[in-house]
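Residues per chain are reported as follows:
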Amino acid sequence: MVKFSKQFEGQLVPEWKEAFVDYWQLKKDIKKFHFLNNNNTNTKLNSSKHHFLSTLKKFSPFSHPHRDHGAIQVHKKLASSASKGDMYETELLEQFQDSDAVKEFFACLDQQLNKVNQFYKNKEKEFMERGDSLKKQMDILIDLKTAFNQQRCTKGTSPQDSKEDASISCTISCEEESVKDRAEEEQAGQDISIEDDLERSEELGKSMRMKTDQESKLRTLSGRAFNCQGKNLRINIPLTTPSRTFSAISYLLREDKVNQSAKGSKLNINKTKLHHAEKMIKGALIELYKGLGYLKTYRNLNMLAFMKILKKFDKVTGKQVLPIYLKVVESSYFNSSDKVMNLADEVEELFIKHFAEDKRKGMKYLKPQQRKESHSVTFFIGLFSGCFIALLAGYAIMAHITGMYRRQPDNAVYMETVYPVLSMFSLMFLHLFLYGCNIFLWRKTRINYSFIFELSPTKELKYRDVFLICTSSMTAVVGVMFIHLTLLTKGHPYSQVQAIPGLLLLMFLLLLMCPFNICYRPTRYHFLRIIRNIILSPLYKVVMVDFFMADQLCSQVPMLRNLEYVACYYITGSFKTQDYNYCMRAGHYRDLAYAVSFLPYYWRAMQCARRWFDEGEKSHLVNLGKYVSAMLAAGAKVAYEKEKSQSVGWLCAVVVMSSAATVYQLYWDFVKDWGLLQMNSKNPWLRNDLVLRRKFIYYFSMGLNLILRLAWLQTVIHSEFGNVDSRVTGLFLASLEVIRRGQWNFYRLENEHLNNAGKFRAVKTVPLPFHEVDEED
């Protein structure tokens, strides 16, 4: 039977853990006087006698059922502030053997009850306000849709008659919104796709209010006021896509002209804007319903925790305080209020009425079911793992016999053409394997990575799915490479077998973009959308998953360099003539090598610039400087590698720039990303709150991160490992960087989780499309 403490910890909302009953501390308090009572024989006899008499009184027909309930009395008193509500304090009416320990226990119990009531009341107020806003938003949306349909019918048009998007002409009010309204509107996230149904957004700080007037105008262009159906409204269209960003910039350029002719202008609310507003409200309703569900769980688990701890107290002391205190808990605010239940029913009814055809379909959105993990996935993981190990062993033995990885002139063609393909896939799937390990550890430590990455619960990859993708893909890669090497050893000419690695790469690219619903299509398309957002990062609003993936690309520069070479080798047709030096001789290829080396850092720097523009926090500019230093170090490294004479000037440039970038990156890793190295922390050189119980793991990780950050020294030292080819050494060093990134991933999300828990953020704050403006504004 699972202990309640394990069950309690496994079911609570991770981000609200500090707001739940501290069940473990209450158990420690009970153990204190339980230990003292066990050392006192008289106390044990009296306790047993009292327990025996209490049992007899229960079965006596003449006894009053609450006659022995005189051990405690709970007083309810008003708090100093009305917002805190009622406060509870327990008075001990009987003399316990260890009165100090019992007083300490009930003081802690009262504190926990007051804490639960206060937190529940605050969250209930927050959700009720959100619910009222959503109801008003739905009324506005219904009015606009009604007006839209009436105008379309008046014009005698239908969706089938014309492909043009009809619109409602509304008068622009042209009043600038207040600073507070701007801060609310800037919480807008990415567009809600039909599959995701959620608006991607980030909660922004108070520093946004200090932005300049020009930047505020640009970000609030979508918030222009208009009058429609007798209401002064403002519709928020977030600048999350390139088209909206360009339109905002063009508006800013012609701002004076617009201001001069603003009074007589019109604003069209077309079908596209209404559809976008509808998706925003739909996503907000889903998040509200999820938050209400968390609040229900919060109430039920806390109620059960109070009951369990009081039973344990009665069992240890022989007193019967459970009926008295539990009656108080049942009548307290968090258990007696039914506002959450009523609001959940209203949200469910509203969502089903306007966004779903029936209740069954609506509940799929409101209560998405987790995919059940199949045993067949585990079976195929084991099967492909065995195949991969066997093929890898066979490939390694054959490569050792033929001496393919040794520095010999005969092996130059193989190492220049085939090995980059194997190296590229090895780094890619090693990174994916470490991501699967991260998912396993995040789940083990109850880090809510799905909420942080805003992943759909029905479509996200489990760690078993990631391992299955890795093992099956690497089995295919090593199998093809084994066949390729076998054909070479049997004397087949290079011209006939050189197309095999290229076909392997082409097969993976086609599978990645395959439109059919096979091989995790939602995940593949989500990955492609993230890559698109990264490449166009200054134009798309940056969310957590975007810059997290961009950081992964910063550790995959060797893989991108290999991809560049392989693409050049096969696209130019060099594989037919076996002229593997053609790409190396081409000037455009050498120039492109510089771009590939610092493109990931450039994308990441542009994301930092966009986040600073959206949020106004100067820390993003400091982070941008880190990636600029990495770009300079990468450029100096490429130039040093391409310089045949290995000049001292480029060597000094590599050492200086790489050292500065390393110090910059180490500081940001430990202090900003991991939240460590805090001088005033209760844990020396760590943070106050730690997810892992063993502190030495953090110290070991910091030391390992320092060592792996210095892998660039190989570029300067040029240390050799026997007769092994330098490309094999490069793959080993690139693998160390991927391993460092995998370690960084865990601590980065741990810090993000603790930040969410510190602010009790368990659901996303989805922005609302309509904002009503007063006549005086």
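Residues numbered from 1 in each chain as written. Predicted model: local features only at pLDDT ≥ 70, side-chain atom pairs only at ≥ 80, totals over all residues. Heavy atoms only, no water.

S.K.: With reference to specific residues and values, describe the overall build of the chain.
M.R.: Check the secondary structure of the chain and you find 31 helices and 7 strands. For the chain, buried positions account for 48% of its 777 residues. Nonlocal contacts in the chain, meaning residues at least 24 apart in sequence, comprise 75% of its contacts between residues at least 6 apart. Surface exposure of the chain reaches about 40000 Å², of which carbon and sulfur atoms provide 59%. (Helix = DSSP H or I, 4+ residues; strand = E, 2+ residues; numbered from the N terminus. Buried < 20%, exposed > 50% of the residue type's maximum accessible area, 1.4 Å probe, protein only. Contact = heavy atoms within 4.5 Å. Areas by Shrake-Rupley, 256 points an atom, 1.4 Å probe, with all protein chains shown as cover.)

S.K.: Can you lay out the state of the cysteines for me, pointing to particular residues and giving the numbers?
M.R.: Under the criterion given, the structure shown has 1 disulfide. C568 shares a disulfide with C583; S-S distance 2.0 Å. Judged by the sign of its S-S torsion, about -105 degrees, the cystine formed by C568 and C583 is left-handed. Of this pair, C568 sits in helix α23 (residues 557-571) while C583 sits in helix α25 (residues 582-585), placing them 15 residues apart in sequence. Its sulfur unpaired, C514 is 7.4 Å from the next cysteine sulfur, which belongs to C519. Considering cysteine sulfurs only, C554 is the nearest to C608, which forms no disulfide, with 9.3 Å between them. (Disulfide = S-S within 2.5 Å.)

S.K.: Could you give an account of the side chain of S735, with specific residues and numbers?
M.R.: Its place among the elements puts S735 in helix α31 (residues 726-758). Judged by its relative accessible area of 17%, S735 falls in the buried class. Residues in contact with S735, not counting those within four places in the same chain, are L427 and L430.

S.K.: Can you lay out helix α14 (residues 375-402) for me, pointing to particular residues and giving the numbers?
M.R.: In this model, α14 (28 residues) spans 41 Å end to end at C-alpha, consistent with the 40 Å of a helix rising 1.5 Å per residue. Considered for burial, the residues of α14 that qualify are V377, I381, Y395, M398 and A399. Residues of α14 that are buried in the fold lie against α15 (412-417), α16 (419-444) and α18 (463-489). (Expected span 1.5 Å × (residues − 1).)

S.K.: Talk me through the pattern of salt bridges; I want residue IDs and the actual numbers.
M.R.: Summed over all chains, the structure comprises 18 salt bridges. Residue K764 is joined to E287 by a salt bridge in which the shortest nitrogen-to-oxygen separation is 3.3 Å. Within this pair, whereas K764 is found in the loop between α31 and β7 (770-772), its partner E287 is found in helix α9 (residues 271-317), the two being separated by 477 residues in sequence. Of the two residues, K764 and E287, both sit in the buried class. Here K359 makes a salt bridge to E348, at a shortest N to O gap of 3.7 Å. (Salt bridge = Lys/Arg side-chain N within 4 Å of Asp/Glu carboxyl O.)

S.K.: Go over the packing of aromatic side chains with me, naming the residues and quoting the values.
M.R.: The full count for this structure, using the stated rule, is 38 aromatic pairs. On the numbers, 5.2 Å between centres and 80 degrees between planes, the contact of F105 with F106 is edge-to-face. Taking relative accessible area as the criterion, F106 reaches 1% and is therefore assigned buried. Following the ring pairs from residue to residue traces out a cluster consisting of F4, F8, W16, F20, Y23, W24, F119, Y294, Y298 and F760. Positioned over the ring face of W24 is K17, at 5.9 Å from the centre of the ring. Over the aromatic face of W668 sits the side chain of K672, whose NZ or CZ is 5.9 Å from the ring centroid. (Phe/Tyr/Trp six-rings, centres within 6.5 Å; stacked < 30°, edge-to-face > 60°. Lys NZ or Arg CZ within 6 Å of the ring centre and 35° of its normal.)

S.K.: Tell me about unusual backbone geometry, and please be specific about residues and values.
M.R.: At C519, a residue that is not glycine, the phi angle is positive and equals roughly 55 degrees. Within the fold, C519 resides in the loop between α20 (499-512) and α21 (521-535).

S.K.: Account for the packing of helix α1 (residues 4-11) against α9, naming residues and giving values.
M.R.: Between α1 and α9, the least distance of the axes is 11 Å, while the angle of their chain directions is 165 degrees. By the angle between their directions, the pair α1 and α9 is classed as roughly antiparallel. Remark: the crossing between α1 and α9 carries left-handed chirality. Contacts between α1 and α9 involve F4, F8 and Q11 on the former and, on the latter, T297, L301, N302, L304, A305 and K308. (Axes fitted to C-alpha atoms, helices over the stretch in contact; angles between N-to-C directions. Parallel < 35°, antiparallel > 145°, perpendicular 65-115°, else oblique. Left-handed = near helix turned anticlockwise from the far one by under 90°.)

S.K.: How would you explain a nonpolar patch on the surface if you had to name every residue and give the values?
M.R.: The grouping of L677, M679, W685, F696, Y699 and F700 at the surface amounts to a nonpolar patch, some 680 Å² of accessible area in total. Here M679 lies in the loop between α28 (648-673) and α29 (696-709). (Patch = residues over 30% accessible without salt bridge, like charges linked within 9 Å, V, L, I, M, F, W, Y side chains within 5 Å.)

S.K.: Hey, could you go over helix α13 (residues 359-366) for me, with residue numbers and the actual values?
M.R.: Three- or four-residue spacings in an α-helix give side chains the same orientation, since the helix completes a turn every 3.6 residues. All of the buried residues along α13 are G362, M363 and L366. In an axial view of α13, the angular spread of the buried residues amounts to 100 degrees, which keeps them on one side of the axis. Residues of α13 that are exposed and point over 90 degrees away from its buried face: R360 and K364. As for α13, its buried residues are in contact with α9 and α12 (339-355). (Arc of directions from axis to C-beta.)

S.K.: How would you explain the environment of A284 if you had to name every residue and give the values?
M.R.: Its place among the elements puts A284 in helix α9. Looking at A284, the relative accessible area reads 3%, which means it is buried. Each C-alpha atom, one on A284 and one on V766, is 5.3 Å from the other, the two residues being 482 residues apart in sequence. Look past the residues within four positions of A284 in its chain and what remains in contact with it is L134, V766 and L768.

S.K.: Any details on the nonpolar core? Residues and values, ideally.
M.R.: Counting residues in each nonpolar core, the largest one holds 74 residues, and the members touching the most others are W16, F105, F106, L109, Y298 and Y325. Secondary-structure elements contributing two or more residues to this core are α1, α2 (23-38), β1 (72-78), α4 (99-155), α9, α10 (322-331), α12 and α13. A total of 19 residues in this core trace back to one element, the largest contributor, which is α9. Setting aside its immediate chain neighbours within four residues, F106 contacts I72, T90, L92, F313, V321 and Y325. Ranked by size, the runner-up nonpolar core spans 42 residues in total, among them V418, L488, M559 and Y570. (Core = buried A, V, L, I, M, F, W, Y, C linked by side-chain atoms within 4.5 Å.)

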